[in-house]
Amino acid sequence: MHKRDLIDLADLRPSELADIVRFAGEISENPSYYKGAAQHKILATLFYEPSTRTSMSFQAAMLRLGGSLIGFDDPSNSSVAKGESLKDTVRVFSNYADVLAIRSPWEGAAMAASLYTRCPVINAGDGGHLHPTQTLTDLTTLNYTLGRLENLTIGLCGDNKNGRTVHSLVKTMSRLKGNRFVIISTPELTLPQYLHDEILANGCTMEFSDSLEEAIGKLDMLYMTRIQKERFPSVEEYEKNKGVFILDRQKMRLAKEDMCVLHPLPRVDEIAVEVDDDPRAAYFAQTEYGMYARMALIQRITERVDRSVPSTLESTHAKRCKNPRCITTQEHYLPRLFDEKGGKLLCRYCEHKL
Ligand code: NCD
């Protein structure tokens, strides 16, 4: 990998992305061949937010590679509870570990962490922003089930506003040739504007639908997501949006015979349990591919050994990011970094427009 960290899959060259997906597939065919590949290496998992699959699959991946683990999954048991800054925590962990995987409720947290560590940082989910290793999981699963990642009609159904797995998937799959997106959600939970812009700028097409029944027949892949309760400002807002789209056996009858259903999980009620036995339901196989994708990533990201702390960055602008969920609103020492894109200034941490 030409970059040290994995914050956003857009940081990878297309050939690097293809290599990781291909390598994950290779590992899935003979995982025990790689049992010593990360011997004597340590992965630190810093989870500031609940997780089942991501943290467990990172841990299982490292153990299957013969490596070891340190970390926390409840920041109240660490010095974070004493008021330690993100910068100090990650700097210290990077003295102990060879690679850090970090999940935070704050958008841009992994990118912020990468400014202060002596080892590579993997973004394991930053608030409602991105979740690149879930996308590696999704691509590896798709490659195996559909045999291709291009020229697909992709339905995104559920919480397209707050679902970081959707955001990473859209950013990545809109860079691959000929993909079309069908956004299926309530108007309140549609995709953020910057991702609309990204889809169009990458030359892909996009349409909107408020009916899963109407849209499902044209899809090659249906990506279902739960409504992200924890990211709503109030319970009332959440109640208005939950339970609107439910995939059940009846709707599956309208779908193509080889359509593939993915879901990052956890599921709440958006896929009826009766769909689980449908051969097109790939969401449990997806969890296993996630482990192979992380085994591939850990090997690639630890290939280069560079133990220096990155040099300090200066703020590019005097203003602060206005996104209340941006990590810069929490950690005030962070440099204010903005990049120009399409004539707009975007926060480098969370991609919100200034
Ligand atoms: C997702 C996440 O945490 O963003 N789960 C996962 O990592 N597999 C999806 C979710 O929480 O809805």
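We now turn to the structure provided with this report. Keep in mind the model is a prediction, meaning the values are calculated, not measured. (Residues numbered from 1 in each chain as written. Predicted model: local features only at pLDDT ≥ 70, side-chain atom pairs only at ≥ 80, totals over all residues. Heavy atoms only, no water.)

A closer look at the site of the ligand
The ligand sits among Thr 54, Arg 103, His 131, Gln 134, Arg 164, Thr 165, Arg 226, Gln 228, Pro 264, Leu 265 and Pro 266. The side chain of His 131 places a nitrogen or oxygen atom 2.7 Å from an oxygen atom of the ligand. Within the backbone of Leu 265, an N or O atom sits 2.9 Å from a nitrogen atom of the ligand. Contact with the protein chains covers 94% of the free accessible surface of the ligand, which is 320 Å². Of the residues assigned to the shell around the ligand, the class counts are three nonpolar, five polar and three charged. (Near = heavy atom within 4 Å. Polar contact = N/O pair within 3.5 Å; in protein donor to acceptor, adjacent residues only side chain to side chain. Areas by Shrake-Rupley, 256 points an atom, 1.4 Å probe, with all protein chains shown as cover. Nonpolar A, V, L, I, M, F, W, Y, C, P; charged D, E, K, R; others polar.)

Focus: empty space enclosed by the protein
All told, the structure shown has four cavities of 30 Å³ or more when counted by the stated rule. Empty space within the largest cavity amounts to approximately 70 Å³. Those elements that place two or more of their residues in the lining of the largest cavity are helix H2 (53–64), helix H5 (132–145) and helix H11 (283–301). The element best represented in the lining of the largest cavity is H11, accounting for five residues. Residues that form the lining of the largest cavity fall into these classes: two nonpolar, eight polar and two charged. Approximately 50 Å³ is the volume found for the second largest cavity. Taken together, Gly 158, Thr 225, Ile 227, Asn 241, Lys 242, Gly 243, Val 244, Phe 245, Asp 269 and Glu 270 make up the full set of residues lining the second largest cavity. Its residues assigned to classes, the lining of the second largest cavity shows three nonpolar, four polar and three charged. (1 Å grid on protein atoms, 1.4 Å probe; cavity = no way out; pocket = protein on both sides within 12 Å on 5 of 7 lines; lining within 4 Å. Points joined across faces, edges and corners; volume = space filled by probe spheres on them. Helix = DSSP H or I, 4+ residues; strand = E, 2+ residues; numbered from the N terminus.)

Quick notes on the side chain of Glu 270
Considering the arrangement of structural elements, one finds Glu 270 in the loop between strand S9 (260–262) and H11. Look at Glu 270: it is buried, it has no salt bridge, and the nearest opposite charge is Arg 226 at 6.3 Å. Separated by 2.7 Å, the side chains of Glu 270 and His 263 make a polar contact. Setting aside chain neighbours within four positions, we find Glu 270 in contact with Met 224, Thr 225, Arg 226, Phe 245, Ile 246, Leu 247 and His 263. (Buried < 20%, exposed > 50% of the residue type's maximum accessible area, 1.4 Å probe, protein only. Lys, Arg positive; Asp, Glu negative; His and termini not counted. Salt bridge = Lys/Arg side-chain N within 4 Å of Asp/Glu carboxyl O. Contact = heavy atoms within 4.5 Å.)

Quick notes on the environment of Met 206
Residue position: Met 206 is located in strand S7 (residues 205–209). Measuring from C-alpha to C-alpha, the distance between Met 206 and Ile 216 comes to 15 Å, with 10 residues separating the pair along the chain.

Considerations on the pairing of strand S5 (residues 153–157)
Judged by how many residues are buried, S5 sits mostly within the fold: five of five residues are covered. Every second residue of S5 is oriented toward a common face, with Thr 153, Gly 155 and Cys 157 on one face and Ile 154 and Leu 156 on the other, all of them buried. Alignment of S5 against strand S6 (residues 180–184), held across five bridges, turns out to be parallel. For Ile 154, the partnering residue across the bridge sits in S6 and is Phe 181. As for the winding sense of the linkage, the β-α-β connection from S5 through helix H6 (residues 164–173) to S6 is right-handed. Of the pairings in the sheet, the one linking S5 to strand S8 (residues 221–224) comprises four bridges and is parallel in character. (Pairing = 2+ DSSP bridges. Right-handed = clockwise from strand over helix to strand, strands pointing away.)

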